[in-house]
Amino acid sequence: MTLNGFDRKHNPMTGICEILAISFMVLSLFSSPLFAQSGSWQEVYALDGLGAQAIEVVPGGTCFVASGKAGVFRSTDDGMHWSQHNTGLTNLDVRALLHLPGGIVLAGTWGGGIFRSTNNGADWAPSNSGISSKSHNIRKFAKAKDGTVYVITTSDPVYRSTDNGSSWVKVELGFAASYGCDLQLDANGQMFLGVWGFFCRSTDGGAHWEKLLREEVFGDIGIAPDGHIFVTSSTSTTSKEAFWRSTDGGTTWVDITSTLLSARDFVFQDGAIIIASGKSVYISRDDGLTWINAGSGLIAS
């Protein structure tokens, strides 16, 4: 979620925003309501069966949730009350959201490409200029410090926009690639991209790319405030999964695979790494070497 014009995984979050973010990450895995038992978790809204896919938190109390079945939900009171906002949104399978200055919101759908709102989600219009029709399955958005917006798709992996999502240009990787998994930018502007088969880095705004790791599939990417990078990978043929960490900007990598193998998303808070994995929430306070299950009170019904 974007708090200061940069990617959600770079931002410490406090209070209800952090609870909302992790709750909805787990909700997307459970596909069912969450309930609090011990005071650690509070149910603020149950998207029962609607397939929560992403959350975007905006300073001032506004939050957006992408539903895989029912479009976009918006709250203006830190998530206590929600309403649907789907006027003009002709594809309700929403997988990604990005809020931009001036009340602009981008919604990435599965099969319908990108929709754009200029009034904080009150209504939407398609915004796929420059994007191939075969690239209308949207996975993620990312935003650089200079305002450039990137979108990750399942065909041509990456497109960029320099006009807040009005039009798009394909990012050439310099090698054949398909199915973009995730893209993140670090504090120095380096770009890290996971596609089927490769994990890549660009140090010049996407003009050139270097292959860093090679696995069949890469999952979500997390970049901590200290610059340490985390990414998961898997191989479907052998069911092998791995968890990787780099402490030097992606030049070298260490396999820190343990009993925790997958990460749905990353939040960095007060020196800790918080992720949704499997059917719970886990916390590490030693740079990903060991993990504590922090999902007590979360129940799938």
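Each value, and the rule that gives it
- Residues numbered from 1 in each chain as written.
- Predicted model: local features only at pLDDT ≥ 70, side-chain atom pairs only at ≥ 80, totals over all residues.
- Heavy atoms only, no water.
- Pairing = 2+ DSSP bridges.
- Helix = DSSP H or I, 4+ residues; strand = E, 2+ residues; numbered from the N terminus.
- Phe/Tyr/Trp six-rings, centres within 6.5 Å; stacked < 30°, edge-to-face > 60°.
- Buried < 20%, exposed > 50% of the residue type's maximum accessible area, 1.4 Å probe, protein only.
- Lys NZ or Arg CZ within 6 Å of the ring centre and 35° of its normal.

Explain the sheet that holds strand β4 (residues 83-84) to me, using residue names and the numbers behind them.
Here we have 4 strands laid out as an open sheet, ordered β1-β2-β3-β4, and antiparallel in their pairing. At either margin of the open sheet sits one strand with a lone partner, and together these are β1 (52-58) and β4. When β1 meets strand β2 (residues 62-67), the two strands line up antiparallel, connected through 6 bridges. Bridging from a neighbouring strand, A54 pairs with A66 of β2.

Would you mind going over the packing of aromatic side chains in detail, with residue names and values included?
What the rule picks out here adds up to 11 aromatic pairs. Measuring from ring centre to ring centre gives 4.6 Å for Y179 and W196, while their planes differ by 15 degrees; the resulting arrangement is stacked. In this pair, Y179 is assigned in the loop between β12 (169-170) and β13 (180-185) and W196 in the loop between β14 (191-195) and β15 (198-202), connecting sequence segments 17 residues apart. Using a relative accessible area of 43% as the deciding quantity, one classes W196 as partly exposed. Aromatic ring contacts, followed pair by pair, group F230, F243, F266, F268 and W291 into a single cluster. Sitting over the face of the ring of F175, K211 holds its NZ or CZ atom 4.5 Å from the ring centroid. The ring of F198 carries K211 above its face, with NZ or CZ at 3.9 Å from the centroid.

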